[in-house]
Amino acid sequence: MRDEVIALFADPGRAEQAIHDVQALGVDGVRLASPAPFRVVHRIHRLGPERLLGWFALGGAVVGFTAGLALQVVTSLAHPMITGGKAVLAWPAFAIICFELTMLGAGATNFAAMAVLAALARRGVSREAKQAVASDRLVVVVPIHGRSVEAVHAIKQALGNAEEMVP
Amino acid sequence: MSGAGQPLAVLVAKSGRTPTNLPAPPTAIERDMLASWKSGWLYWAGLIVAIALTVLGGWSYSVMLRVGVGITGLNSPVMWGSFITTFVFFIGVSHSGTLVSAILYFARSPLRASIGRSAEAMTVIAIMTGGLYPIIHLGHPWLFFWFLPMPNQRHLWLNFRSPLAWDVFAITSYVTISALFLYMGMLPDLALLARRVAGWRRVLYRVLSLGFAGTEREWSVYERAYPIFAGIAIPLAVSVHSVVSWDFAMGITPGWHSTIFAPYFVAGAIFSGIAMAIILLAGMRKGFKLQAHIRKEHFSMLGRLLVAMSLVMTMVYATEFFMAFYRGGATERDIFVWRISGPYAPIFWGVVLCNSIIPLLCFSPRVRHNLAAMVTIAVIVTVGMWFERFIFVVTSLAHSFNPAAWRGYRPTWMELFICLGGFGWFSTLFLLFVKIFPSVSVAETVQGQMEVAAPDDPEEAPHAG
């Protein structure tokens, strides 16, 4: 665990204000953990690798489509049996399975990418800070490693300075 | 709580020291979720009935396996009967859960926080139930693997030109995406509630939450991924029931061979899904004392949806008849006349009563705000939708092109028990789900409460007075 100041807030707006106040002191690396995706989350966070999620899903969709098409075309050509009067390569019929596997590929890849990116995204937040999140409180985490006593005092003041400890 | 504008606490956490006043006591929504797991007699009574029905269905199926499909009423020309009816019915029920939840997500509807989770669970469980019936219908369930695209000793592959093969892919894709959609929505709640519970549930939640901690970067990833998922789920849901409809519409059988079948099935699926959602939500509200979260206005909104879909269904029924008479095909016209006047006419008119007339009561706000009335209407619609599927599956086969082959069909008790077993299986799984997992979205409820209580965008603040 690293040295840090953890501030708990019941109000997303107040947490956002505290983050801005701390950042105004020139402190970087301030993190927020919250029970829900409040609007503050989007206002304080610049998009990182998650902007690529759509591309991951698109990649999964392409793989799914290709797999669906290849499965049908290759096996139909390997066993060229006319059934129901349809051509061996019946493209309208193949479109349906291609569509289903496209969606399946996109969805599965999207989920896997989300799980991996979320795991990477939570790095740098201590276990204690994560455990402090509850459904009625947001947690602002300010790293203070290597800072002077005065600097830490200023950070605490910017956060609201309510030293110790409620419920 | 702290005063306005003050933090609850500012803690200096040095290496190895854990703040001692964490975590906080459970909040109202958490308390409600925790309390819902201490089930009352109503829950256990429901579970016992559901398990009893499942056992009845399982026993009947075991008899069918031992004796053969001769114990059913299925015979040429009606080779599809109550099993296929139940399959179509449950796939229909599954339809509206994920679809409605995804649409409510894009609409940013507050309704979603209360009903989205159980609707999504209903979807997954209904597919798991409906998917059993084609296998049951096979009579030789051990040959199910013939549906799977795999090399085998027969040197044959799946016929990809068959709608039955499309079904396998469509339903498998849909159940996978719906399950992931449900799971993804639960991730934040599992992480939050893991700190509130003990024992096996704590271990389960911690494992299933995948370490989700709610940091701003995680939420950013989550908020980016979720709409993609919802966007995938909507067309997939529509496609699945369209594909199920093509099981029928691709054949030249009169009464089935119609271009309206896909939207007809989709509309019917949404209709039956909403009715089932009303029943399940009412049960959860009563059984788990979730009145604060599943409110009467939610039922009122569902009532409006129900009546809207009832009107769509009426339009579809009318269109089917119009097309049968207008296009002038004698066989097609004959089958529709037979439906409304033949031996199945009482069922047909019962379906019209259940699906087109009784739901009109939901036009009345008094009815929509009366929970007992809403549940009664939903049960009537559910029954009506099962019989509606029965009517079009059976009558078209029983009264096809060749008059010499016309023959009626009546399901045997064993068949009906197997179908009832499906309802028991569905109810059992749903009751277990709401017992084990949070049935209302904690994160979305919290978000709604906090951001409505303290809107940080002045333009979004509610008007005073």
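Residues numbered from 1 in each chain as written. Chains lettered and ligands numbered in written order. Predicted model: local features only at pLDDT ≥ 70, side-chain atom pairs only at ≥ 80, totals over all residues. Heavy atoms only, no water.

Undergrad: Hey, could you run me through the overall build of chain A in this one?
TA: Regarding its fold elements, chain A presents 6 helices and 3 strands. The globule rule puts the C-alpha radius of gyration for 167 residues at 15 Å, and the 26 Å found for chain A is more than 25% above it. Judged by the C-alpha coordinates and their principal axes, chain A covers about 85 × 30 × 25 Å. Relative to its 167 residues, chain A shows a buried fraction of 50%. Pairs at least 24 residues apart make up 77% of the contacts formed inside chain A by residues separated by at least 6 positions. Of the roughly 7300 Å² of accessible surface on chain A, 65% is carried by carbon and sulfur atoms. Of the side chains in chain A, 15 bear a positive and 13 a negative charge, and the two mean positions are spaced by 8 Å. (Helix = DSSP H or I, 4+ residues; strand = E, 2+ residues; numbered from the N terminus. Rg over C-alpha atoms; globule rule 2.2 N^0.38 Å. Buried < 20%, exposed > 50% of the residue type's maximum accessible area, 1.4 Å probe, protein only. Contact = heavy atoms within 4.5 Å. Areas by Shrake-Rupley, 256 points an atom, 1.4 Å probe, with all protein chains shown as cover. Lys, Arg positive; Asp, Glu negative; His and termini not counted. Charge placed at Lys NZ, Arg CZ, Asp CG, Glu CD.)

Undergrad: I would appreciate a short explanation of the overall build of chain B in the present structure.
TA: Per the secondary structure count, chain B includes 16 helices and 1 strand. Here the C-alpha radius of gyration of chain B, 25 Å, is about what a compact globule of 465 residues would show, namely 23 Å. With respect to the principal axes defined by its C-alpha atoms, chain B has extents near 90 × 60 × 40 Å. A burial count over chain B gives 56% of its 465 residues as buried. Sequence-distant contacts, at least 24 apart, represent 79% of the contacts inside chain B between residues at least 6 apart. Working note: accessible area of chain B is about 18800 Å², and carbon and sulfur atoms make up 70% of it.

Undergrad: Whenever I open this one, helix 10 (residues 296-326) of chain B confuses me. Can you help?
TA: Helix length check: helix 10 of chain B (31 residues) gives 44 Å between terminal C-alpha atoms against 45 Å at 1.5 Å per residue, within 8%. After helix 10 of chain B finishes, the residue G328 of chain B shows a positive phi value of roughly 85°. (Expected span 1.5 Å × (residues − 1).)

Undergrad: Explain the packing of helix 4 (residues 111-130) of chain B against helix 6 (residues 163-193) of chain B here, please?
TA: All names here are of chain B. It is the contact of helix 4 with helix 6, at a shortest axis distance of 9 Å, that shows an interaxial angle of 145°. The hand of the helix 4/helix 6 crossing is left-handed. On the side of helix 4, the interface is formed by R112, R117, E120, A121, T123, V124, I127 and M128, while helix 6 contributes I171, Y174, V175, S178, A179, F181, L182, G185, M186 and D189. Considering only residue class, the contact of helix 4 with helix 6 consists of 11 nonpolar, 3 polar and 4 charged. (Axes fitted to C-alpha atoms, helices over the stretch in contact; angles between N-to-C directions. Left-handed = near helix turned anticlockwise from the far one by under 90°. Nonpolar A, V, L, I, M, F, W, Y, C, P; charged D, E, K, R; others polar.)

Undergrad: How should I be thinking about a nonpolar patch on the surface in this particular structure?
TA: On the surface, a nonpolar cluster with roughly 520 Å² of combined accessible area is contributed by L52, W55, F56, L58 and V62 of chain A. Along the polypeptide, F56 of chain A turns up in helix 3 (residues 53-78). (Patch = residues over 30% accessible without salt bridge, like charges linked within 9 Å, V, L, I, M, F, W, Y side chains within 5 Å. Salt bridge = Lys/Arg side-chain N within 4 Å of Asp/Glu carboxyl O.)

Undergrad: Quick question: what am I supposed to make of the side chain of Q72 of chain A here?
TA: Within the secondary structure, Q72 of chain A sits in helix 3. Its relative accessible area of 0% is what places Q72 of chain A among the buried residues. A distance of 3.1 Å separates the side chain of Q72 of chain A from the backbone oxygen of F94 of chain A, its partner in a polar contact. Beyond its immediate chain neighbours, meaning those up to four positions away, Q72 of chain A contacts A93, F94, I97 and C98 of chain A together with F160 of chain B. (Polar contact = N/O pair within 3.5 Å; in protein donor to acceptor, adjacent residues only side chain to side chain.)

Undergrad: Explanation requested: the environment of G97 of chain B in the structure shown.
TA: Counting through the fold element by element, G97 of chain B comes out in helix 3 (residues 82-106). Leaving out residues up to four positions away in the same chain, G97 of chain B has contacts with A119, E120, M122 and T123 of chain B.

Undergrad: Please explain unusual backbone geometry as it appears in this structure.
TA: Across the chain, the bulk of peptide bonds are trans and the bulk of non-glycine residues have phi less than zero. Residue and element names in this part refer to chain B. Here the amide bond leading from S76 into P77 is cis, since omega sits at 5°, within 30 degrees of zero. On the secondary structure map, P77 appears in the loop between helix 2 (41-67) and helix 3. A positive phi angle, close to 55°, is found at R108, a residue other than glycine. Its identity is not glycine, yet L210 carries a phi of approximately 55°, on the positive side. Tracing the backbone shows L210 in the loop between helix 7 (199-208) and helix 8 (216-249).

Undergrad: Help me out: how do you make sense of the side chain of H137 of chain B in this one?
TA: All names here are of chain B. In this structure, H137 sits in helix 5 (residues 132-138). Among the polar contacts listed, one links the side chain of H137 to the backbone oxygen of M79, at a separation of 3.4 Å. Filtering out sequence-adjacent residues up to four positions away, H137 remains in contact with L74, M79, W80, F83 and I84.

Undergrad: It is not clear to me how the pairing of strand 3 (residues 138-143) of chain A should be interpreted in this structure. Could you clarify?
TA: The two faces of a sheet get side chains in turn, since along a regular strand they alternate between them. Residues and elements named next belong to chain A. Burial analysis of strand 3 places 5 of its 6 residues in the buried class, the great majority of the element. Two strands pair when backbone bridges link them, and strand 1 (residues 4-9) and strand 3 are joined in this way by 6 bridges, in the antiparallel orientation. Paired with A7 across the bridge in strand 3 is V140. Across 3 bridges, the pairing between strand 2 (residues 31-33) and strand 3 is antiparallel. (Pairing = 2+ DSSP bridges.)

Undergrad: Would you mind going over the packing of aromatic side chains with me for this structure?
TA: Two descriptors summarise a pair of aromatic rings, namely the distance from one centre to the other and the angle between the planes of the rings. Residues and elements named next belong to chain B. Enumeration over the complete set of coordinates arrives at 45 aromatic pairs over all chains. Measuring from ring centre to ring centre gives 5.1 Å for F181 and Y226, while their planes differ by 25°; the resulting arrangement is stacked. Linking F181 in helix 6 with Y226 in helix 8, this pair joins segments that are 45 residues apart in sequence. For F181, a relative accessible area of 0% translates into the label buried. Residue classification places Y226 among the buried residues on the basis of a relative accessible area of 3%. Taking 5.3 Å as the distance between ring centres and 35° as the angle between the ring planes, the aromatic pair formed by F261 and F265 counts as tilted. Note that F261 and F265 are positioned in helix 9 (residues 261-287) at a spacing of 4 residues, about one turn of the helix. Taken individually, F261 and F265 each receive the classification buried, so the pair is uniform in this respect. The ring centre of Y105 lies 4.7 Å from the NZ or CZ of R108, which sits over that ring. Over the face of the ring belonging to Y43 we find K435, whose NZ or CZ atom lies 5.3 Å from the ring centre. (Phe/Tyr/Trp six-rings, centres within 6.5 Å; stacked < 30°, edge-to-face > 60°. Lys NZ or Arg CZ within 6 Å of the ring centre and 35° of its normal.)

Undergrad: What is the right way to look at the pattern of salt bridges in this model?
TA: The final tally for this structure, using the stated rule, is 11 salt bridges over all chains. The partner of E120 of chain B in a salt bridge is R112 of chain B, and the shortest N-O contact between them spans 3.3 Å. The exposure class assigned to E120 of chain B is buried, which follows from its relative accessible area of 2%. Between R389 of chain B and E388 of chain B there is a salt bridge; the shortest N-O distance is 3.8 Å. For E388 of chain B, a relative accessible area of 3% puts it in the buried group. Overlapping salt bridges, with partners in common, bring together R31 of chain A together with E216 and R217 of chain B in one network.

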